Amino acid sequence: MSAFPATRLRRFRRTGALRELVRETRLDLRDFVYPVFACPGTGVEKPLEGLPGIAQRSVDRLADEAVELMGLGIGAVLLFGIPEEKDEAASGAYDEDGIVQQALRAMAERAPEMVLLTDVCLCEYTSHGHCGVVDGDEIVNDLSLDLLAKTAVSHAEAGAHAVCPSDMMDGRVGAIRGALDTEGFEQVPIVSYAAKAASAFYGPFREAAESAPAFGDRRSYQMDPANAREALRECELDLQEGADALMIKPAFPSLDVIAAARARFDVPIFAYNVSGEYAMVKAAAARGWLDEPAAAIESLTAIKRAGADVIVSYWAKELAGWL
Ligand code: PBG
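Just so we're clear, the structure is a prediction, and the values are computed from it rather than from any experiment.

**Student:** Any chance you could break down the environment of Asp87 for me, citing the residues and the numbers?
**Tutor:** With respect to the element layout, Asp87 can be found in the loop between strand 4 (76-81) and helix 3 (99-110). For Asp87, a relative accessible area of 29% corresponds to the partly exposed category. Counting along the chain gives 70 residues from Asp87 to Glu157, while the straight-line C-alpha distance between them is 22 Å. With near-sequence residues (within four places) excluded, Asp87 lies in contact with Tyr125, Thr126 and Ser127. Among the polar contacts made by the side chain of Asp87, one reaches the main-chain amide nitrogen of Ala89 at a distance of 3.1 Å.

Okay, structure coming up:
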């Protein structure tokens, strides 16, 4: 076809209806997962300063929240827990009566249709805030695997529909798959946070989950954000170990990784639109510098356009009103 003046790309941009017709990427609430934070107590709803609109909730309140979310058309949540007590062995993570385990049972009872995903990690449960077992200033890989596997099994026992390991230890997907199968949970999928960068954008989350490391940082286990080829190796290895889906994180700074993973792997690709991505738009909007719904929808659309099938986002609830 000849170029201008025969070709005019503005023709389809003339009216809202034409633009609507040829739009390539649409957001659908059914592709969203809403993160929730379970905390001890009853009747507790503790708003989080760094995550406006998001709160820690006690188990009873989370059950109410599950009903509300279903009513809004949000059918999936990702659970995080803030335990009563933390220790070196992260015992709260795999306690049969742990905070996430209680929340799973309560939410399932009130909202049986809700898809319950759990974040499998130790950092919210360890006194030092690292995602694995600590020896001196080392985060010991192989000793952490058993605890992670126990945590995943205990989530499955409490009713998790899928488990999402986010610790970035080598070999955790295989260890979790083995433990789930041994315990009779061969039907529970693993959504692996396969390519998770040591990102500056998790700051507000660490306040929400009370999981900031007491010493050092997470760069000896989470990935260097500069590495895209290594991110694909992480994805490949997790699939070999038995991951059913891949999660890429943070989302906005990793659009190239999302696109590459989409092109290379035929499994569902999840992207986590993390706390800092959300908080920076909220903060700018609060100052009148950005139009929040427009900026949020544009960001989320870009994540989907890059190739994410499922998006974990703190905006899911507000998005229900915007779409
Ligand atoms: C647990 C975990 C983190 C996030 C999800 N799972 C924090 C971290 O790795 O420090 C971050 C989520 C967010 O920022 O919204 N390891």
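**Student:** Which residues make up the pattern of salt bridges, and what values do they have?
**Tutor:** On inspection of all chains with the given rule, the structure shows 20 salt bridges. Measuring nitrogen to oxygen at the nearest pair gives 3.3 Å for the salt bridge that ties Glu45 to Arg57. One end of the pair, Glu45, is in strand 2 (residues 45-47); the other, Arg57, is in strand 3 (residues 55-58), with 12 residues separating them in the sequence. Ionic pairing is found between Asp244 and Arg177, a salt bridge with its closest N-O pair at 3.7 Å. In this pair, Asp244 sits in the loop between helix 7 (228-240) and strand 10 (245-249) while Arg177 sits in helix 5 (residues 172-182), placing the two residues 67 residues apart along the sequence. Linked through salt bridges whose partners overlap, the residues forming this network are Glu45, Arg57, Arg61, Glu65, Glu68 and Lys317.

**Student:** So, the pairing of strand 5 (residues 115-120): which residues are in play, and what are the values?
**Tutor:** Regular strands place their side chains on alternate faces of the sheet. With respect to burial, strand 5 is a largely interior element, 5 of its 6 residues being buried. As paired elements, strand 4 and strand 5 share 4 bridges and run parallel to each other. Each bridged residue has a counterpart across the sheet, and for Val77 the counterpart in strand 5 is Leu116. With helix 3 bridging strand 4 and its parallel neighbour strand 5, the resulting β-α-β unit is right-handed. In terms of strand pairing, strand 5 meets strand 8 (residues 162-165) through 4 bridges, oriented parallel. Considered in strand 8, the bridge of Val120 is made with Pro165.

**Student:** For a nonpolar patch on the surface, give the residues involved together with the corresponding values.
**Tutor:** Residues Phe12, Leu21 and Val22 make up a contiguous nonpolar surface patch of roughly 310 Å² in combined accessible area. Inspection of the secondary structure puts Val22 in helix 1 (residues 16-22). Judged by relative accessible area, Val22 falls into the partly exposed class, the value being 39%.

**Student:** Which residues make up the site of the ligand, and what are the values?
**Tutor:** Taken together, 18 residues lie near the ligand, and Lys196, Arg206, Lys249, Ser275 and Tyr314 sit nearest. A distance of 3.4 Å separates a nitrogen atom of the ligand from a polar side-chain atom of Ser166. Within the complex, 100% of the 400 Å² of free accessible area of the ligand lies under protein. Assessed atom by atom at 2 Å from the grid points, the ligand resides in the largest cavity.

**Student:** For helix 5, give the residues involved together with the corresponding values.
**Tutor:** Helical periodicity: at 3.6 residues per turn, an α-helix aligns residues three or four positions apart in one direction. Listed as buried for helix 5 are Arg172, Val173, Ile176, Arg177, Ala179 and Leu180. The inward-facing, buried residues of helix 5 abut strand 5, helix 4 (141-157), strand 8, strand 9 (191-196) and helix 7. A positive backbone phi angle near 90° is found at Gly184, which sits one or two residues after helix 5.

**Student:** Which residues make up the packing of helix 8 (residues 255-264) against helix 10 (residues 292-306), and what values do they have?
**Tutor:** Relative to each other, helix 8 and helix 10 sit at 30°, their axes nearing to 8 Å. Side by side, helix 8 and helix 10 meet where Leu255, Ile258, Ala259 and Arg262 of the first sit next to Ala302, Ile303 and Ala306 of the second. Its residues placed into classes, the contact of helix 8 with helix 10 shows 6 nonpolar, no polar and 1 charged.

The rules we used
- Residues numbered from 1 in each chain as written.
- Predicted model: local features only at pLDDT ≥ 70, side-chain atom pairs only at ≥ 80, totals over all residues.
- Heavy atoms only, no water.
- Helix = DSSP H or I, 4+ residues; strand = E, 2+ residues; numbered from the N terminus.
- Buried < 20%, exposed > 50% of the residue type's maximum accessible area, 1.4 Å probe, protein only.
- Contact = heavy atoms within 4.5 Å.
- Polar contact = N/O pair within 3.5 Å; in protein donor to acceptor, adjacent residues only side chain to side chain.
- Salt bridge = Lys/Arg side-chain N within 4 Å of Asp/Glu carboxyl O.
- Pairing = 2+ DSSP bridges.
- Right-handed = clockwise from strand over helix to strand, strands pointing away.
- Patch = residues over 30% accessible without salt bridge, like charges linked within 9 Å, V, L, I, M, F, W, Y side chains within 5 Å.
- Areas by Shrake-Rupley, 256 points an atom, 1.4 Å probe, with all protein chains shown as cover.
- Near = heavy atom within 4 Å.
- 1 Å grid on protein atoms, 1.4 Å probe; cavity = no way out; pocket = protein on both sides within 12 Å on 5 of 7 lines; lining within 4 Å.
- Sits in = over half its atoms within 2 Å of the grid points.
- Axes fitted to C-alpha atoms, helices over the stretch in contact; angles between N-to-C directions.
- Nonpolar A, V, L, I, M, F, W, Y, C, P; charged D, E, K, R; others polar.

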